[in-house]
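# Tertiary structure, described
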Amino acid sequence: MSESPGSSAESGDRPLVRLEHVNKHFGELHVLNDINLDVTRGEVVIVIGPSGSGKSTLCRAINRLETIDDGVIEIDGVRLPEEGKPLAQLRADVGMVFQSFNLFAHKTILENVTLGPIKVRGLPKAQAREEAMALLERVGIANQAQKYPAALSGGQQQRVAIARSLAMRPKVMLFDEPTSALDPEMINEVLDVMTDLAKEGMTMIVVTHEMGFARKAANRVVFMADGLIQEEATPEEFFTNPQSERAKDFLSKILTH
């Protein structure tokens, strides 16, 4: 993937997202166990594994929705701040799409997408509106702009959530099981938008159970189990020749159904 204009050679040399010796406990449970992970600019990293393996916690730690016990998380060379305005500014560089769409029910689709750019990025309303409409067009729901979230299907609402994240011009997008709350017929419409983003060079970290999407869109598959990264490989390597017993067991259960 080519670097965006204006990015220095120096920034191209370092990972866009870096986790070093990250640990997180929930009580006695060690949910992130000495996690080390680098994600380069333009890379699509898909995190898979059994329930309770630490995947969502990993995703949420990257923009500090979950605090960590120790270790380092950096976004584009900047260490994740503890709290306050610096954290809000850094979070603006990290788009996040959740299982539940988290849209503002009392605001129109267009208002949902323009709110962040106006309030956080300081964009003039007219510019924010123009960019929001272009993004809604890109995710295929520009014709729904004046409706409220309740009038949209789950798949449409999730596409709004993606447009809302993109409106902040993030450096990296995090997706935490973005299709798990959707009816089966709506899953592909969301995955298609995500596949297009991947092709366009958006840096993405995706926690998902959608193995077909992982095979198609990932540059790298990260397999987690028991709070550990058990293995990392290209999709081809991982799905045809997993190295760990844990991964073999996981794949044997999900790929036979």
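All chains use their own residue numbering, which begins from 1 and follows the written sequence. Under the rules for a predicted model, residues below a pLDDT of 70 receive no local features and side-chain atom pairs below 80 are neither given nor counted, while totals for whole chains, interfaces and linings still include all residues. Hydrogens and water molecules were not included; the side-chain quantities draw on all heavy atoms of the structure.

As annotated in an unreviewed UniProt entry, the protein chain is ABC-type polar-amino-acid transporter from Demequina activiva. UniProt positions are given in the numbering used here, feature names are shortened, and annotations may be inferred rather than shown by experiment. Under Subcellular location (unreviewed entry), UniProt gives the following word-for-word description of the protein chain: "Cell membrane". Within the UniProt record for the protein chain, the comment given under Sequence similarities (unreviewed entry) is "Belongs to the ABC transporter superfamily."

Aromatic ring pairs are reported here in terms of the distance separating the ring centres and the angle at which the planes meet. Stacked, tilted and edge-to-face are the three classes applied to pairs of Phe, Tyr and Trp rings, where Trp contributes its six-membered ring and a pair requires centres within 6.5 Å; stacked means planes under 30 degrees apart, edge-to-face means over 60, and tilted covers the rest. Considering all chains together, one arrives at three aromatic pairs under this definition. Aromatic side chains phenylalanine 223 and phenylalanine 250 sit 5.3 Å apart centroid to centroid with 45 degrees between the ring planes, which places their arrangement in the tilted category. Of this pair, phenylalanine 223 sits in strand 9 (residues 220–225) while phenylalanine 250 sits in helix 10 (residues 245–254), placing them 27 residues apart in sequence. When accessible area is computed with a 1.4 Å probe and restricted to protein chains, residues below 20% of their type maximum are described as buried, those above 50% as exposed, and intermediate ones as partly exposed. Note on phenylalanine 250: relative accessible area 9%, which makes it buried. Each helix is a run of H or I in the DSSP string that is no shorter than four residues. Each strand is a run of E no shorter than two, and both are numbered from the N terminus.

In this structure, aspartate 76 takes a positive phi of about 55 degrees despite not being glycine. Structurally, aspartate 76 can be placed in the loop between strand 4 (70–75) and strand 5 (78–79). Its identity is not glycine, yet aspartate 226 carries a phi of approximately 55 degrees, on the positive side. Following the sequence through the fold, aspartate 226 ends up in the loop between strand 9 and strand 10 (228–233).

Attention now moves to the environment of leucine 174. Note that leucine 174 resides in strand 7 (residues 172–176). Residues leucine 174 and methionine 96 lie 78 residues apart in sequence; the distance between their C-alpha atoms is 4.7 Å. The contact definition used throughout considers only heavy atoms, calling two residues in contact when any of these lie within 4.5 Å. If sequence neighbours within four positions are ignored, leucine 174 has contacts with Cys59, Ile62, Asn63, Val94, Gly95, Met96, Val97 and Ile205.

Next up on the list: the packing of helix 4 (residues 109–119) against helix 5 (residues 125–138). The N-to-C vectors of helix 4 and helix 5 enclose an angle of 125 degrees; their axes lie 9 Å apart at closest approach. Relative to helix 5, the element helix 4 lies oblique. Both helix 4 and helix 5 take part in a crossing whose hand is right-handed. Along its contact with helix 4, which presents Ile109, Leu110, Val113, Thr114, Pro117 and Ile118, the element helix 5 presents Lys125, Ala128, Arg129, Ala132, Met133 and Leu136. Each axis is a line fitted through C-alpha atoms, and for a helix only the stretch in contact is used; angles between axes span 0 to 180 degrees, taken between their N-to-C directions. Any angle from 65 to 115 degrees is called roughly perpendicular, while one under 35 is roughly parallel, one over 145 is roughly antiparallel, and all others are oblique. Rotating anticlockwise by less than a right angle from the far helix to the near helix defines a left-handed crossing, while the corresponding clockwise rotation defines a right-handed one.

To qualify as a nonpolar core, a set must consist of buried Ala, Val, Leu, Ile, Met, Phe, Trp, Tyr and Cys residues joined through side-chain atoms within 4.5 Å. Ranked by size, the top nonpolar core spans 51 residues in total, and within it Ile162 and Met204 carry the most contacts. Sorting elements by how many residues they give to this core places helix 7 (residues 184–199) first, with eight residues. Excluding its chain neighbours within four sequence positions, the residues that come into contact with methionine 204 are Glu43, Val44, Val45, Met173, Phe175, Met194, Leu197 and Ala198. Formed by 29 residues, the second largest nonpolar core is a distinct cluster that contains Ile68, Leu80, Leu87 and Ile205.

A few words on the UniProt feature "domain: ABC transporter" (unreviewed entry) in the protein chain. Under the UniProt annotation, the feature "domain: ABC transporter" (unreviewed entry) is placed at residues 17–251. Within the segment residues 17–251, helix and strand shares are 38% and 26% respectively, and the terminal C-alpha atoms sit 27 Å apart.

Attention shifts here to the side chain of aspartate 176. Mapping aspartate 176 onto the fold places it in strand 7. Just so you know, the count uses Lys and Arg for positive and Asp and Glu for negative, and it drops His and the chain ends. We count a salt bridge whenever a side-chain nitrogen from Lys or Arg sits within 4 Å of a carboxyl oxygen from Asp or Glu. Despite its burial, aspartate 176 pairs with no opposite charge, the nearest such side chain being arginine 60 at 5.0 Å. Side-chain polar atoms of aspartate 176 contact the side chain of serine 56, separated by 2.6 Å. For the purposes of these results, a polar contact is taken to be a pair of N or O atoms within 3.5 Å, where, inside protein, one atom must be able to donate a hydrogen and its partner to accept one; residues adjacent in sequence count only when each atom of the pair is a side-chain atom.

Below, the discussion takes up the environment of alanine 233. With respect to the helices and strands, the residue alanine 233 is situated in strand 10. A C-alpha to C-alpha distance of 5.5 Å links alanine 233 and valine 221, two positions twelve residues apart in sequence. The residues contacting alanine 233, other than those within four sequence positions of it, are Arg220, Val221 and Phe238.

If you trace the six strands from one edge of the open sheet to the other, you get 6-7-8-3-9-10, paired in mixed fashion. The open sheet has two edge strands, strand 6 (94–97) and strand 10, and neither has a second partner. Pairwise comparison of adjacent strand axes, ignoring direction, gives a mean angle of 20 degrees for this sheet. Note that strand 3 (residues 44–48) and strand 8 (residues 203–207) share four bridges and pair parallel. Its bridge partner lying in strand 8, isoleucine 46 is registered against valine 206. In this description, strands pair whenever DSSP reports at least two bridges between them.

Moving on: the pattern of salt bridges. All chains considered together, the criterion is met by 17 salt bridges. Note that aspartate 76 is salt-bridged to arginine 14, the shortest N-O span being 3.2 Å. Linking aspartate 76 in the loop between strand 4 and strand 5 with arginine 14 in the loop between helix 1 (9–13) and strand 1 (17–26), this pair joins segments that are 62 residues apart in sequence. According to the relative accessible area criterion, aspartate 76 is buried, its value standing at 10%. Looking at arginine 14, the relative accessible area reads 28%, which means it is partly exposed. Between lysine 171 and aspartate 76 there is a salt bridge; the shortest N-O distance is 2.7 Å. Of the two residues, lysine 171 is situated in the loop between helix 6 (154–166) and strand 7 and aspartate 76 in the loop between strand 4 and strand 5; the sequence distance between them amounts to 95 residues.

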